[in-house]
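A structural walkthrough
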Amino acid sequence: MTKKLLVRRAAVLGAGVMGAQIAAHLANAGVDVLLFDLPSKEGDRNSIVLKAIANLAKLSPAPLAAKDRAAAIVPANYDQHLGLLQGCDLIVEAIAERLDWKKDLYAKIAPHVAPTAILASNTSGLSINALADVLDESLHERFCGLHFFNPPRYMHLAELIPCRKTSPDALDLLETFLTSTLGKGVVRAKDTPNFIGNRIGVFSILSTIHHTAAFGLGFDTADALTGPAIGRPKSATYRTADVVGLDTMAHVIQTMADTLPDDPWHKYFAVPDLLKALIAQGALGQKTGAGIYRKLGKDIQVIDIATKDYRVSGGDIAPEVAEMLKIKNPVEKFAALRTSNHPQAQFLWAIFRDLFHYSAFHLASIADTARDVDFAIRWGYGWKLGPFETWQAAGWKQVAGWIADDIVAGKTMSNAPLPNWVYDGREGVHGAEGSFSPAHNKKLPRSTLPVYKRQRFPDPLLGEKFAPGETVFETDAVRMWHDGDGIAVIGFKTKMHTVNDGVLEGLQKAVATAEQDFDGLVLWQDSEPFSAGADLKGAMGLLQAGKIADFDTMIATFQATSMRLKYSQVPVVAAVRGMALGGGCEFQMHSARTVAALESYIGLVEAGVGLLPGGGGLKEIATRVGLSVGQGGDVFAGLKPYFEAVAMAKVSTSALEAKELGLLRKDDIVVFNAHELLYVAKQQARALAESGYRPPLPARQIPVAGDVGIATFKMMLVNMLEGRFISEHDFKVATRIATVLCGGAVDRGSLVDEDWLIKLEREHFVALAQMPKTQERIVHTLTTGKPLRN
């Protein structure tokens, strides 16, 4: 049996912004966690940590996946509580980046570290071996670097850096824990300054800064060029610097300058004068309200490089360069950029060229394979492709020749030669057999750690393909497939995995097929989102054509499909990640079980377009609440939080919050690594099948809140209307939501069945859909992608 790291309790040393967020994510994962810092000189000795825990609720994006997880973080201080470390299986140090401070702390905690505990430093670039030197020899095997990227809940990357004597077993155990329990993408790095992600990522920023000036571009124009247009985040380069903090960016650049004196690009490891001036003025970026950018009224302003003053931001990509970036073939795209005389095109070629040059030159010293570099940049910086993937897609040999020519011509930032392995007749560094390793002079396969067997479809690199499974049937709307394990999988092929007639027909066929030929069925999409809900465009077409009967039939089919999922004779498990809105939420509500990735955003949002949930969602809420409360119970009290969530179109900010909202059930499963979602969903389907699964019995006696419940909800709505918190149309929509949830105008406590609720739901859905203001909302949302308040 494979050993695993049993983290009964963890400790985080340092309650700064990063340390507190690491503790928060451990708490998200259900780990009992201690958060340490210095003792306060006045009042509660733990007040520094208590303040840090309270501050977690104020941070955006939210570090805590559910508010109650803050209570799982236990405050502690170094004077009173070091003895508690003896009960910790994992200790993560996350204090300030001062080698002397870290060494002092290690000396203090060393006697209290349990003999099997792993001790890790969250340093972003200090030498792991230098830190290990202060530790007792007995701790070296269990010490390593563990670098989370900020914010740790959301950034997939965690770098793992061994010291000279770190035990391979300790690294394997920690990688397994990080991957499955915390949901991280682990990259092992060598002990070099800034490791992999920040070494390459910060160089890319420095290169962009250099070439922005060299080609006379504005910061806003450079950001327009280095964001989504080339497969990078919207924050691009300079907005990212503002978010990170210009002072933090300056510190990282200075660290590179101090620790990499022999780097051939060393002369560029300097903070530009303009950034120094901003820092001196206290303009540190987002945290101070001004940096390279600032918001003044409704205007976003940017520092003008020439005048050193702010102006309205408006940098655009030149039309001819925009046309080059639209070229789908990367080989042709890069050829166009390199041969163009336009300064924006020359800028783009230059930043890519120097990134490729730097990454290739340093690959052998910072990483084991090119895979590690590409994943570090993709997972840590949010790029769609890493530097080596981009280079390979653009034509490895052609680009290598261009780089060599530019080195000879003195156009590159350094005249350091490309390493010989670049020219070894290769077409790239990634392939089906693995990724290139300079140390081994061959391509190495992915890690064989058992934890990765849980990833049926890992995050693919360029050139990697994974067996798609054996197709059962496929249409324009859905595909059903299996791996020969008795569990079938169905996914949607529609845009945003929206639900149209083809999806409804495919789902019903899939359930029927699964009942005959399989032990269970998993509803899983090969990419996010799970589903953005119903196909509003198709529905709007029927309404505008006046085909109300056809529209009613479509809604009836939607409801029937949900019920088919619920009453399937084999377990149907929904595997949710990303958005599960409207109909997507309703499908998972009707599944036997839902397995949801932590970052699942679930909600019944139809009120935003002037509708109510019409795929069985309101019926299912009324049924669950009525049956859980029982005859004679307070059904209205049970419905109230659901009503507020549906009427306000609330969307959960995590799968854990979806449980709090009641959109996930208590026994639904939350998975932290989205790449393990399919594996866990199939395991759940198998477990249900093996335990003699039977669908629930039809609900024929559901107590409802009735007319009294409707009247009470309407009183609440009248107050909101008079206070101008909602519009007249919001009032009409919410009243109909209340009517369906309460089972219609029947006596309080009346018993109804699901068919009654289904018909009531459809009646009010179709009525709302015919209202002009609802249709205005739908058209506006389809046109702009934004809700309309009317």
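1. What to know about the packing of aromatic side chains
Under the counting rule described, the total for this entry stands at 26 aromatic pairs. Aromatic side chains F388 and W391 sit 6.5 Å apart centroid to centroid with 20° between the ring planes, which places their arrangement in the stacked category. With F388 and W391 both in helix α15 (residues 387–393) and 3 residues apart, the pair spans about one turn of that helix. Of the two residues, F388 and W391, neither departs from the other in class, the shared state being buried. Between the aromatic rings of F551 and F765, the centroid separation amounts to 5.9 Å while the plane-to-plane angle is 15°, which identifies the pairing as stacked. Taken together, the residues F551 in helix α19 (residues 548–566) and F765 in helix α27 (residues 754–769) connect sequence positions 214 residues apart. Side by side, F551 and F765 carry an identical accessibility label, which is buried. Every member of this aromatic cluster is reached through a ring pair, and the members are F334, F352, F356, F388, W391, W396, W421 and F436. Above the plane of the ring of W383 lies R232, whose end atom (NZ or CZ) is 3.6 Å from the centre. Its end group placed over the ring of F473, K509 keeps NZ or CZ at 4.3 Å from the ring centre.

2. Remarks on α27
Taking 1.5 Å per residue as the helical rise, α27 with its 16 residues ought to reach 22 Å, and the 22 Å between its terminal C-alpha atoms agrees with that figure. The N-cap of α27, judged by a side-chain oxygen 3.3 Å from the amide nitrogen of D755 a few residues on, is D753.

3. Some thoughts on unusual backbone geometry
Residue N150 is joined to P151 through a cis peptide bond whose omega torsion reads 0°. Note on placement: P151 falls in the loop between β6 (143–148) and β7 (157–162). Note that the residue after E528, namely P529, is joined by a cis bond; omega there is 0°. By secondary structure assignment, the location of P529 is in the loop between β18 (520–524) and α18 (536–544). The backbone of K308 sits at a positive phi, close to 65°, despite the residue not being glycine. Structurally, K308 is set in the loop between β10 (299–303) and β11 (310–312). The class of K308 is exposed, set by a relative accessible area of 52%.

4. Re the nonpolar core
I292, F388 and W391 are the most contacted members of the largest nonpolar core, which has 111 residues in total. If one sorts the elements of this core by residue count, helix α13 (residues 343–366) sits on top with 12 residues. Non-local contacts of F388, meaning those with residues more than four positions away in its chain, are made with S359, A360, L363, A370, V373, D374, W396, W421, V429 and H430. With 82 residues, the next largest nonpolar core counts L618, V646, A705 and L768 among its residues.

5. Some remarks on the sheet that holds strand β13 (residues 434–437)
On the basis of which strands lie adjacent, the open sheet formed by 3 strands has the order β12-β13-β14 and antiparallel pairing. Edge positions in the sheet fall to β12 (430–431) and β14 (442–444), since each has one partner strand and no second. As judged from the 2 bridges shared by β12 and β13, these two strands associate in the antiparallel manner. In the strand pairing of β13, G431 is matched with G434.

6. Digging into the sheet that holds β11
Judged by pairing direction, the sheet is antiparallel, and its 3 strands sit side by side in the order β9-β10-β11 without closing on themselves. A single partner strand is all that each edge strand has here, and the edge strands are β9 (293–296) and β11. Mean inter-strand twist for the sheet, computed between neighbouring axes without regard to direction, equals 40°. Across 4 bridges, the pairing between β9 and β10 is antiparallel. Each residue of the ladder has a partner; that of K295, found in β10, is I300.

7. Focus: the environment of K276
Its location among the elements puts K276 in helix α10 (residues 273–280). On the basis of relative accessibility, which here comes to 46%, the residue K276 falls in the partly exposed class.

8. Looking at the pattern of salt bridges
This structure, assessed with the given rule, holds 45 salt bridges. Across the salt bridge formed by D247 and K287, the nearest N and O atoms sit 2.9 Å from each other. You can see D247 sitting in helix α9 (residues 246–259) and its partner K287 sitting in the loop between α10 and β9, a full 40 residues away along the chain. D247 gets classed as partly exposed once you look at its relative accessible area, which sits at 28%. According to the relative accessible area criterion, K287 is exposed, its value standing at 52%.

9. Focus on the side chain of T226
Tracing the chain through its elements places T226 in the loop between α7 (219–225) and α8 (238–244). By relative accessible area, T226 is classed as buried at 1%. Once you skip the residues sitting within four places of it in the chain, T226 turns out to touch T208, R232, A236, T237, F347 and I351.

10. A closer look at the packing of helix α21 (residues 617–629) against helix α26 (residues 728–741)
With their axes 9 Å apart at the nearest point, α21 and α26 run at an angle of 45° to one another. In terms of axis orientation, α21 runs oblique to α26. Across the interface between the two elements, L618, I621 and A622 from α21 touch I737, V740 and L741 from α26. Of the residues contributing to the contact of α21 with α26, the split by class is 6 nonpolar, no polar and no charged.

11. Details of the environment of T237
Assignment of secondary structure puts T237 in the loop between α7 and α8. Judged by its relative accessible area of 5%, T237 falls in the buried class. For the pair T237 and G692, spaced 455 residues apart in the sequence, the C-alpha separation amounts to 55 Å. Sequence-distant contacts of T237, defined by excluding residues within four places in its chain, comprise I205, T208, D223 and T226.

About the thresholds
Residues numbered from 1 in each chain as written. Predicted model: local features only at pLDDT ≥ 70, side-chain atom pairs only at ≥ 80, totals over all residues. Heavy atoms only, no water. Phe/Tyr/Trp six-rings, centres within 6.5 Å; stacked < 30°, edge-to-face > 60°. Helix = DSSP H or I, 4+ residues; strand = E, 2+ residues; numbered from the N terminus. Buried < 20%, exposed > 50% of the residue type's maximum accessible area, 1.4 Å probe, protein only. Lys NZ or Arg CZ within 6 Å of the ring centre and 35° of its normal. Expected span 1.5 Å × (residues − 1). Polar contact = N/O pair within 3.5 Å; in protein donor to acceptor, adjacent residues only side chain to side chain. Core = buried A, V, L, I, M, F, W, Y, C linked by side-chain atoms within 4.5 Å. Contact = heavy atoms within 4.5 Å. Pairing = 2+ DSSP bridges. Axes fitted to C-alpha atoms, helices over the stretch in contact; angles between N-to-C directions. Salt bridge = Lys/Arg side-chain N within 4 Å of Asp/Glu carboxyl O. Parallel < 35°, antiparallel > 145°, perpendicular 65-115°, else oblique. Nonpolar A, V, L, I, M, F, W, Y, C, P; charged D, E, K, R; others polar.

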